[in-house]
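Commentary on secondary and tertiary structure
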Amino acid sequence: MEAQFEALSELVKSGQKLSFGQDFFVKFYQAFLYSDRWQQYIKGVGTTLLVTAIALVLGVVLGAIVAMIRVGHAQQKPHHHNLVLGVFNAIAKVYVTVIRGTPMMVQLLIMSMVVFASSRNFTMVGALALGINSGAYVSEIIRGGLMAVDPGQMEAGRSLGLNYMTTMFEIIIPQAIRSILPALGNEFIMLLKDSSLITVIGGKELLYAAQGIMNRTYEPMFPLLGVAAVYLVLVMLFSALLAKFERRLAQSDRR
Amino acid sequence: MIDVKGLKKSYGGLQVLKGVDLTINKGDCVVLVGPSGCGKSTFLRCLNHLEEPDGGHIIFNGKEVTDHDIDHVRQKMGMVFQHFNLFPHLTVKKNITLAPVRLGLMKQDEADKRAMELLGRIGLADKADTYPNMLSGGQKQRIAIVRALAMNPDVLLFDEPTSALDPEMVGEVLELMKELARGGMTMVCVTHEMGFAREVANRIIFIDEGVVKVDKPPKEFFANPENERLKAFLSKVL
């Protein structure tokens, strides 16, 4: 195959026009096979998954903290507002408003060019920005899940003499997780796709690898279609896993 | 055992309780009745601070109930809800043992033993390892009562315990409540079951317009209702 590619390349250099099939072969070979370029895509996929995982963990941790603060604040009795919780709640609200009210791309650029202007580790800065962004959305998912649990459950726990925190962890959260997990799965898929944005700040993930190859071959179609296909396959794979997982959850609901 | 003085509670501009005074003695089975919206459930929920009173005092076992040690008060003041509020993610046995174990009152194996004993008493020992949504309404409510009993409370509060049940299941729950009352358990019940009130209660309290209007043993309560509002109420429910 390599010999064929070399021969065809010679033809192009000498100004000869290739047939459609030959042209297709040359461009495909250039995009994926020439000097083992497919390895760059694989490396890119690895980074994409790593960035997604870091962002998801960060998002879930941040989101859980923010959601707990906001729910805890909302569930205080009237006339008994805790000042410290009030301050944290205000911070949490500003965080969610700002993150949800500004474009992801702008946040990425601010993180890389203003906040971490001196950092050269673009991939990790990107993962951090993605995680912070995701945290705002995850906090709303978790908050919704916690609020969706019947208020009678909190009353029942408290009426037995359990304190707020114990009731939260033993009774409310285990029930909220059933509605939170499927939505978190969707968030994971969103993150997987959004991780391609960190290319603009130099994060070395899948799309970055494709762009590097495009810049050498001046041929965008195959690298871009290839990248799109990889994302599509990944998303379909995780969607299928998620659907399976949701069916399991539903099954244990019926017990 | 419980001494309520001048209990007040409003929602927004609406004053539901306008100064309720009531003493509940050890061994009492007090039934609260009254037209809907009169505040009887609110009163009950104020006793263990599920609703925050706006004014007045609640003295429980000689100590004023405050938010500060409310968790301790609630350990001794069991509550049974209209909608059972069993924990759907836990087995029946775990529902019963969760609080005593988490609060360090019992070891898990002790609590398990006690749970099985209580479940045996209501004939549901075979349901110990099932989840609440496999049970009928009546079974759920009886287990909710057992869950409250497992804390060895000094008093049990019942908030319309049979209102959410199918008619054929009301009997089994009332039967268990009767048994508890006969066993000397102090109980405060909000209920529409006049038969239960007549047969089991030693005092019936008629709450209307946010205050206690009548407080009498059942015989007198039903035989000669002097209060006009009570007459009107009884003519509707009997």
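Right above here is the structure, for reference.
Residues numbered from 1 in each chain as written. Chains lettered and ligands numbered in written order. Predicted model: local features only at pLDDT ≥ 70, side-chain atom pairs only at ≥ 80, totals over all residues. Heavy atoms only, no water.

**Observations regarding helix 4 (residues 83-101) of chain A**
Residue and element names in this part refer to chain A. Selection rule: Helix and strand labels come from DSSP, where a helix needs a run of H or I of at least four residues and a strand needs a run of E of at least two; each type is numbered from the N terminus. By this rule, a helix spans an expected 1.5 Å times one less than how many residues it contains. Exposure is judged per residue with a 1.4 Å probe applied to protein chains only, and the accessible area is read against the type maximum: over 50% gives exposed, under 20% gives buried, and values in between give partly exposed. What the arc describes is the spread of directions from the helix axis to the C-beta atoms. Any pair of N or O atoms that falls within 3.5 Å is considered a polar contact. Within protein, one atom must be able to donate a hydrogen and the other to accept it, and sequence-neighbouring residues count only if both atoms are side-chain atoms.
Taking 1.5 Å as the rise per residue, helix 4 with 19 residues should run 27 Å; its terminal C-alpha atoms sit 27 Å apart, in good agreement. For helix 4, the complete set of buried residues consists of Asn89, Ala92, Tyr95, Val96 and Ile99. Buried positions in helix 4, seen along its axis, are confined to an arc of 125 degrees and lie on one side of it. Among the exposed residues of helix 4, those pointing more than 90 degrees away from its buried face are Leu83, Ile91, Val94, Thr97 and Gly101. Sitting at the amino-terminal end of helix 4 is asparagine 82, which places a side-chain oxygen 2.9 Å from the backbone nitrogen of valine 84.

**Structural notes on the nonpolar core**
To keep it simple, the criterion reads: We define a nonpolar core as any set of buried Ala, Val, Leu, Ile, Met, Phe, Trp, Tyr and Cys residues linked to one another through side-chain atoms lying within 4.5 Å. Throughout, a residue-residue contact means that at least one pair of heavy atoms, one from each residue, lies within 4.5 Å.
In terms of nonpolar packing, the biggest core is built from 50 residues, with Ile2(B), Leu32(B), Phe43(B) and Leu47(B) touching the most fellow members. No other element matches helix 8 (residues 164-194) of chain A, which puts six residues into this core. Those residues in contact with Leu32(B), other than ones at most four positions away along the chain, are Leu22(B), Lys40(B), Phe43(B), Leu44(B), Val188(B), Cys189(B), Val190(B), Thr191(B), Ile205(B) and Ile207(B). Counting residues in hydrophobic clusters, the runner-up holds 49 residues, among them Val92(B), Ile145(B), Ile204(B) and Phe222(B).

**Some details on the interface of chain B and chain A**
It is common to report an interface's size as the accessible area lost on association of the parts. Quick note on the threshold: Here the buried area means the combined drop in accessible surface, using a 1.4 Å probe, for two parts upon being joined, counting both sides. Within this document, salt bridges are pairs made up of a side-chain nitrogen of Lys or Arg and a carboxyl oxygen of Asp or Glu, the two lying within 4 Å of each other.
Listed as interface residues are 28 residues of chain B and, on the opposing side, 21 residues of chain A. Here chain B and chain A share an interface that buries about 2,200 Å² over both sides, 54% of which is from carbon and sulfur atoms. The shortest N-O distance in the salt bridge between Glu155(A) and Arg45(B) comes to 2.6 Å. Applying the counting criterion to the chain B and chain A interface returns seven residue pairs in polar contact (both at pLDDT 80 or more). Secondary-structure elements contributing two or more residues to the side of chain B that touches chain A are helix 2 (70-76), strand 6 (77-80), helix 3 (92-102) and helix 5 (137-149) of chain B. Looking at which element gives the most residues to the side of chain B that touches chain A, the answer is helix 2 of chain B, with four residues.

**Some thoughts on the sheet that holds strand 4 (residues 55-60) of chain B**
Within a sheet, neighbouring strands are paired by backbone hydrogen bonds and run either parallel or antiparallel to one another. All names here are of chain B. Cut-off, in case you're wondering: Note on pairing: DSSP must find at least two bridges between two strands before they are called paired.
One open sheet holds the four strands; their spatial order is 2-1-4-5, and the pairing between them is antiparallel. Of all strands in the sheet, those with a lone pairing partner are strand 2 (14-24) and strand 5 (63-64), marking the two edges. Where strand 4 meets strand 5, two bridges bridge the pair, whose relative direction is antiparallel. Bridging from a neighbouring strand, isoleucine 59 pairs with glutamate 64 of strand 5.

**Describing empty space enclosed by the protein**
All names here are of chain B. As a reminder, the rule being used: Whether a set of points on the 1 Å grid over the protein atoms alone is a cavity depends on a 1.4 Å probe fitting there but being unable to get out, while an open set qualifies as a pocket with protein on both sides within 12 Å along at least five of seven lines; lining residues are those with an atom within 4 Å of a point. Grid points are joined across faces, edges and corners, and a volume is the space filled by probe spheres set on the points. Under the grouping applied here, Gly and all other residues not named as nonpolar or charged are polar, the nonpolar ones being Ala, Val, Leu, Ile, Met, Phe, Trp, Tyr, Cys and Pro and the charged ones Asp, Glu, Lys and Arg.
Per the stated rule, a full pass over the model turns up one cavity of 30 Å³ or more. If you go around the largest cavity, the residues you meet are Leu118, Arg121, Ile122, Val146, Leu149, Leu176 and Glu179. Where the lining of the largest cavity is concerned, the elements lending two or more residues are helix 4 (108-121), helix 5 and helix 6 (167-182). Residues that form the lining of the largest cavity fall into these classes: five nonpolar, no polar and two charged.

**Some words on helix 3 of chain B**
Restricting attention to buried positions, one finds in helix 3 of chain B the residues Val92(B), Asn95(B), Ile96(B), Thr97(B), Leu98(B), Ala99(B) and Pro100(B). Where helix 3 of chain B is buried, its residues contact helix 8 of chain A together with helix 4 and helix 5 of chain B.

**Quick word on the packing of aromatic side chains**
Residues and elements named next belong to chain B. How we decide: Any pair of Phe, Tyr and Trp rings, taking the six-membered ring for Trp, is counted once the centres come within 6.5 Å. Such a pair is stacked with planes under 30 degrees apart, edge-to-face with planes over 60 apart, and tilted for the rest.
Counting across every chain of the model gives 11 aromatic pairs over all chains. A ring pair is formed by phenylalanine 206 and phenylalanine 233, whose centres lie 5.4 Å apart and whose planes are at 40 degrees; its orientation type is tilted. In this pair, phenylalanine 206 sits in strand 9 (residues 203-208) while phenylalanine 233 sits in helix 9 (residues 228-237), placing the two residues 27 residues apart along the sequence. According to the relative accessible area criterion, phenylalanine 233 is buried, its value standing at 10%.

**A short note on a nonpolar patch on the surface**
Rule in force here: Note on patches: the residues involved have over 30% relative accessible area and no salt bridge, like charges join within 9 Å, and the nonpolar side chains Val, Leu, Ile, Met, Phe, Trp and Tyr join within 5 Å. The protein chains shown are the only cover counted for residues, whose accessible areas, like all others here, come from Shrake-Rupley with a 1.4 Å probe.
Taken together, the side chains of Met105(A), Val106(A), Leu109(A), Ile110(A), Met113(A), Val114(A), Val115(A), Phe116(A) and Val200(A) present a nonpolar region at the surface, about 750 Å² in accessible area. Taking relative accessible area as the criterion, Leu109(A) reaches 33% and is therefore assigned partly exposed.

**A look at the layout of surface pockets**
The calculated volume of the largest pocket comes to roughly 1,200 Å³. Lining of the largest pocket is provided by 39 residues; of these, Gln75(A), Gln76(A), Lys77(A), Arg158(A) and Tyr164(A) occupy positions nearest its centre. If you list the elements that add at least two residues to the lining of the largest pocket, you get helix 3 (38-74), helix 6 (122-148), helix 7 (151-159) and helix 8 of chain A together with helix 2 of chain B. The class makeup of the residues in the lining of the largest pocket is 16 nonpolar, 10 polar and 13 charged. There is about 330 Å³ of room inside the second largest pocket. Phe5(A), Ser9(A), Val12(A), Val26(A) and Gln30(A) are, among the 15 residues lining the second largest pocket, the residues nearest its centre. Residue assignment for the lining of the second largest pocket shows that the elements contributing at least two residues are helix 1 (2-13), helix 2 (20-33) and helix 9 (206-217) of chain A. The leading source of residues in the lining of the second largest pocket is helix 1 of chain A, at six residues.

**Describing the packing of helix 3 of chain A against helix 4 of chain A**
Residue and element names in this part refer to chain A. Condition: Interaxial angle, 0 to 180 degrees, is taken between N-to-C directions of lines fitted to C-alpha atoms, where a helix line uses only the stretch in contact. Angular relationships are summarised with four words: roughly parallel below 35 degrees, roughly antiparallel beyond 145, roughly perpendicular across 65 to 115, and oblique for the angles in between. Crossing handedness: left-handed means the near helix sits turned counterclockwise from the far one by under a right angle, and right-handed means the same turn made clockwise.
Their axes nearest at 9 Å, the elements helix 3 and helix 4 cross at an angle of 130 degrees. The pairing of helix 3 with helix 4 is recorded here as oblique in orientation. The way helix 3 lies across helix 4 gives a crossing that is left-handed. Contact residues: helix 3 offers Leu62, Val66, Ile69, Arg70, Gly72 and His73, while helix 4 offers Leu85, Gly86, Phe88, Asn89, Ala92, Lys93, Tyr95 and Val96. Per-class residue counts for the contact of helix 3 with helix 4 are eight nonpolar, four polar and two charged.

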